[in-house]
Amino acid sequence: MNSFNANRIVAKWLLGALFGTLVIALTSPLFVRSYLPSHVDPLRGVVVPLAGDFYRWRSEGYATTAIGPHGMPGRVDLPEAKANGEFRIALWGDSQAEGVCVPDEHKLHRQIERIADASQREIVVLPFARSGDDAAEWLPQIPRVEGALAIDLHLILVAEIGDLEMAQRTATDPVVDPHWQANHNFISTNLPAFILHAGRRLLRFPDDTPRTLRFSIGPIVTDHAAVQGNDHKAIHDTPLSLAAEPPQTDWSSVMQTIRSSTDLPILIVYAPRVQRTRIAPVAVEGTEPNPETIAEITQAAQSAGISMLDIRQAFLKSASLNQWPHGFHNGIIMQGHLNETGYQIIASEIANQLDSFSFSHP
Amino acid sequence: MLFTQPEFLIFFLGVLAAVWMTGRLPLRNAILLSASYYFYAYWDVRFCLLLVFSTLIDFCISHAMDSSVNATFRRRLLILSIIVNLGVLGFFKYFNFFIDSAAPIIESLGASASTLNIILPVGVSFYTFQTLSYTIDVYRRVLRPSKSLLEFALFVAFFPQLVAGPIVRARELLPQLATTPTWSNRRFYGGFQQLLRGAVKKVLMADRLGEMADVVFANPDYYSSSTTWLAVFAYAGQIYLDFSGYTDMAIGAAKMLGYRFPKNFRHPYLATSMADFWHRWHMTLSRWLRDYLYIPLGGSRKSSAVTYRNLMLTMTLGGLWHGAAWTFVLWGVLHGTALCVERSTRGLIPLQLPKIVRWTGVMIVVQVGWVLFRSPDLQAAGIMLQKMIVPSLGIHWYPPLVIGVLGCLAAEHLAWMTSLRRAMRLPWDAWYSPIATTVILWALLLYAPAGFQPFVYFQF
């Protein structure tokens, strides 16, 4: 092969690689999530994405979330002054409350406002939920936001009751180092998401630990150890155990800790996953406490002056009609995060409950 | 080490460089043999002892057979080889199955029917069949035994096809191992593209389908009929794409090293008869069963009843080869029955039946077979089949990716029947090949499901 031909071939392949990469760059937003720059919000004191950005979510649900002031997902407006008669709710929770799996108009805060609007009530819900947060993260933020934003009620959505136990733990927000923050923001601002996604997949395992390569010979005791007979035939869904008992927790103490974070009303909304099981067509997820324990927790909350709203029955009823509150067709129905149906149910229940609160009018 | 792991990429690049930089044959084969044993030891170094044992036994037996003219002695050696090879397979793969199945009888005799904690060596079903074919061919004098232990050991352990085939005949591979391959740009590129095609089938398609199939087959009573049907199609797609994807990667890797492997699949879901299906699905196993089981039993040369018996025996044992469970046996029985019915109705049913009708009949049998093949037990298979026949309520779940992948699979099958077939191979001289190759590489990096899923046929 002469050098002219070789050069032609190399040029053809380089050009092809360029065009191929361009094709991926143009189409990847349909399939690849966003990687957004972030900052420590001065009001909340936690790391949030920047207002004005759009967060793409592409697995388990499919949505693009507009980021508003103070990193609020799906809420881009925040009037300076509170309107006359307006009732402001701060929504706390984890990814279940954050709602990046659903479009903004179906997120919980919008659904609550829509229902309230239909019944002539002026309610504004400020979504402060972040993926991975629990009570250890919510409680320090509560006093920081409530005065500045004229909050009337703190609404805490929990899918796992264990998230409340963390009230007695110290919050550990991961990013304090400004250099790390600056580097992270430079990369996420200047590199397209598909490059970041590719890099992440190359350098990290699915559980986000740094990827290591193994070249040593086996056997190695891992999840992919030597095949034992017909493994895929032996995969049975482990029958869900009877509702797991959490370790002994002093719920009175937990609720007092939550209560002490604010003088404002608090409404805890308990919305665990419901599933089909081998022993019942619908049941609460087996890892959650049994009804007796939930009743104890509710009692402890009430004793501490905290209202509690239990969504379980509403979820079970919906699931029995084959309208599952969790899961997406591009995930697994019945598993994962709350979907539009789930948020509708929760919003209705909350809207009914809000009538029992005395509003403080500015 | 899975073909789709980064470790394999590094390993394979190293082997490629090493073999193509060395011109001398014994060294080339030694490098490949060392690499193959390392590849196997990566799973479990203890398995290598079995491989060595199998290699040495059959090498010695084949030479003893070849140097003897005593028919009885030769026959005894052949039987010894069969007993050793099938004994290894039987112990590691079927001991617990037989104990569990015979437990009521064993216990009624006052003995204990306890099973053993046996680890199934990866690839044992494949390399025992491969070495068996070698000794049988030597016995039949259609093949001279390999003079070189190195070449024979490499034939047995050659890493691209060690763990899940294709089942290569000695007369196909040994002559290639006895000569130094010459470099060919076209063959290297073709091998690379085939390797890439296999990775796409496995990583981007099969694993996505498996995400649905695994969930529905684990709890078949949860889902609606339509979801059940979709899951069955998903599994049908998964097993084809997973296995043919692996085969493509094996054949592609071998090509890049300078060797030719036989085809193992020829678009089986285009089959318009059961016989045609088995001429397209896992072709190297089909021909092994035909040449070493069906034909020695008498094939179709004797009466119809004997032919049907031979078909049923061959397909039932073929089912059992896949796994130690009654669902695999039933799968084999189903296919055997379908072949018998097809054979017996030849001439009764006009061949002018539209192709679409014949194709639909084949697909129904094949899909029912996959339900048996995949279900964890007979009860689950029964639930799935009932849901497929009787409309029933349940969770509705229609993953867009599954529908999309199945659509792509159907489109690929149809396109393969047209002049697009060449284009789909991304020929070296085509202007679109660099663009498509780049897109594929990015897609593998970006869109693969999280985690590495083992190849389905590794468990066989």
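That block above? That's the structure.
Predicted, not measured: the structure shown is a model, and the values here were computed from it.

Conventions we followed
- Residues numbered from 1 in each chain as written.
- Chains lettered and ligands numbered in written order.
- Predicted model: local features only at pLDDT ≥ 70, side-chain atom pairs only at ≥ 80, totals over all residues.
- Heavy atoms only, no water.
- Helix = DSSP H or I, 4+ residues; strand = E, 2+ residues; numbered from the N terminus.
- Rg over C-alpha atoms; globule rule 2.2 N^0.38 Å.
- Buried < 20%, exposed > 50% of the residue type's maximum accessible area, 1.4 Å probe, protein only.
- Contact = heavy atoms within 4.5 Å.
- Areas by Shrake-Rupley, 256 points an atom, 1.4 Å probe, with all protein chains shown as cover.
- Lys, Arg positive; Asp, Glu negative; His and termini not counted.
- Charge placed at Lys NZ, Arg CZ, Asp CG, Glu CD.
- Buried area = accessible area lost by both parts, 1.4 Å probe.
- Polar contact = N/O pair within 3.5 Å; in protein donor to acceptor, adjacent residues only side chain to side chain.
- Patch = residues over 30% accessible without salt bridge, like charges linked within 9 Å, V, L, I, M, F, W, Y side chains within 5 Å.
- Salt bridge = Lys/Arg side-chain N within 4 Å of Asp/Glu carboxyl O.
- Expected span 1.5 Å × (residues − 1).
- Arc of directions from axis to C-beta.
- Axes fitted to C-alpha atoms, helices over the stretch in contact; angles between N-to-C directions.
- Parallel < 35°, antiparallel > 145°, perpendicular 65-115°, else oblique.
- Left-handed = near helix turned anticlockwise from the far one by under 90°.
- Nonpolar A, V, L, I, M, F, W, Y, C, P; charged D, E, K, R; others polar.
- Pairing = 2+ DSSP bridges.

Caption draft 1: Inspection of the overall build of chain B at higher detail. Assigned secondary structure in chain B consists of 19 helices and zero strands. Rg of the C-alpha trace for chain B: 23 Å, near the compact-globule value of 23 Å for 460 residues, within the 12% margin. In terms of overall dimensions, chain B has a C-alpha envelope of 70 × 65 × 50 Å along the principal axes. Classification of the 460 residues of chain B by burial places 58% in the buried group. Across chain B, contacts joining residues at least 24 apart in sequence account for 76% of those joining residues at least 6 apart. Accessible surface for chain B amounts to roughly 18700 Å². Of this, 69% is attributable to carbon and sulfur atoms. Of the side-chain charges in chain B, 38 are positive and 21 negative, and the distance between the mean point of each set is 12 Å.

Caption draft 2: Molecular detail of the interface of chain B and chain A. The interface of chain B with chain A comprises 64 residues on the first partner and 54 residues on the second. A buried area of about 4900 Å², summed over both sides, lies between chain B and chain A, and 62% of it is on carbon and sulfur atoms. Contact with chain A buries area across many residues of chain B, yet B:Tyr222, B:Trp442 and B:Leu446 alone supply 12% of it, more than any other trio. If you look at where chain B meets chain A, you find 17 residue pairs in polar contact (both at pLDDT 80 or more).

Caption draft 3: Structural detail: a nonpolar patch on the surface. Residues and elements named next belong to chain A. On the surface, a nonpolar cluster with roughly 550 Å² of combined accessible area is contributed by Leu15, Leu18, Phe19, Leu22 and Leu26. Relative to the helices and strands, Leu22 is located in helix α1 (residues 3-27). Classification of Leu22 as partly exposed rests on a relative accessible area of 45%.

Caption draft 4: Region of the structure containing the pattern of salt bridges. All names here are of chain B. Per the counting criterion, the structure on display carries 24 salt bridges over all chains. In this structure, Asp242 and Lys202 form a salt bridge, with 2.9 Å as the shortest nitrogen-oxygen distance. Of the two residues, Asp242 sits in helix α10 (residues 225-257) while Lys202 sits in helix α9 (residues 185-218), which places them 40 residues apart along the sequence. Assigned by exposure class, Asp242 and Lys202 land together as buried. A salt bridge links Arg290 to Asp291, with the nearest nitrogen and oxygen atoms 2.8 Å apart. Owing to a relative accessible area of 40%, Arg290 belongs among the partly exposed residues under this scheme.

Caption draft 5: Here's a closer look at helix α16 (residues 378-389) of chain B. All names here are of chain B. Helix length check: α16 (twelve residues) gives 16 Å between terminal C-alpha atoms against 16 Å at 1.5 Å per residue, within 8%. Among the residues of α16, those classed as buried are Ala380, Ala381, Met384, Lys387 and Met388. On an axial view of α16, the arc spanned by its buried residues comes to 130°, and they lie on one face. Turned more than 90 degrees away from the buried face of α16, the exposed residues are Gln379, Gln386 and Ile389. In this structure, the buried side of α16 is in contact with α9, α10 and α15 (355-374). For α16, the side-chain oxygen to backbone nitrogen distance between the N-cap and Gln379 is 3.1 Å, and the N-cap itself is Asp377.

Caption draft 6: How the structure looks around the packing of helix α7 (residues 193-203) of chain A against helix α19 (residues 433-447) of chain B. Two numbers describe how α7(A) lies on α19(B): the axes approach to 8 Å, and their chain directions differ by 65°. In terms of orientation, α7(A) and α19(B) fall into the roughly perpendicular class. Remark: the crossing between α7(A) and α19(B) carries left-handed chirality. For the pair α7(A) and α19(B), the contacting residues are A:Phe194, A:Ile195, A:His197, A:Ala198, A:Arg201 and A:Leu202 in the first and B:Trp442, B:Leu445 and B:Leu446 in the second. Taken together, the residues of the contact of α7(A) with α19(B) break down into seven nonpolar, one polar and one charged.

Caption draft 7: Expanded view of the pairing of strand β3 (residues 54-57) of chain A. All names here are of chain A. As defined by bridge partners, β3 adjoins strand β4 (residues 63-66) across four bridges and the pair is classed as antiparallel. The partner of Arg56 across the bridge, within β4, is Thr64. Remark: five residues form the turn of the hairpin made by β3 and β4, two consecutive strands paired antiparallel; Glu60 in that turn has positive phi of roughly 50°.

Caption draft 8: A look at the sheet that holds strand β11 (residues 307-310) of chain A. Residues and elements named next belong to chain A. With respect to topology, five strands assemble into an open sheet ordered β6-β5-β7-β8-β11, the strand pairing being parallel. Of all the strands in the sheet, just β6 (123-127) and β11 have a single pairing partner and so form its edges. Geometrically, the sheet is characterised by an average inter-axis angle of 25° between neighbouring strands, direction not taken into account. Strand direction decides the pairing type here: strand β5 (residues 87-92) and strand β7 (residues 153-158), joined by four bridges, are parallel. Its bridge partner being in β7, Ile89 is matched across the sheet by Leu153. Of the strands in this sheet, β5, β6 and β7 are in contact with helix α3 (residues 108-118), which crosses β6 at around 175°.

This is a description of form; function is not addressed.
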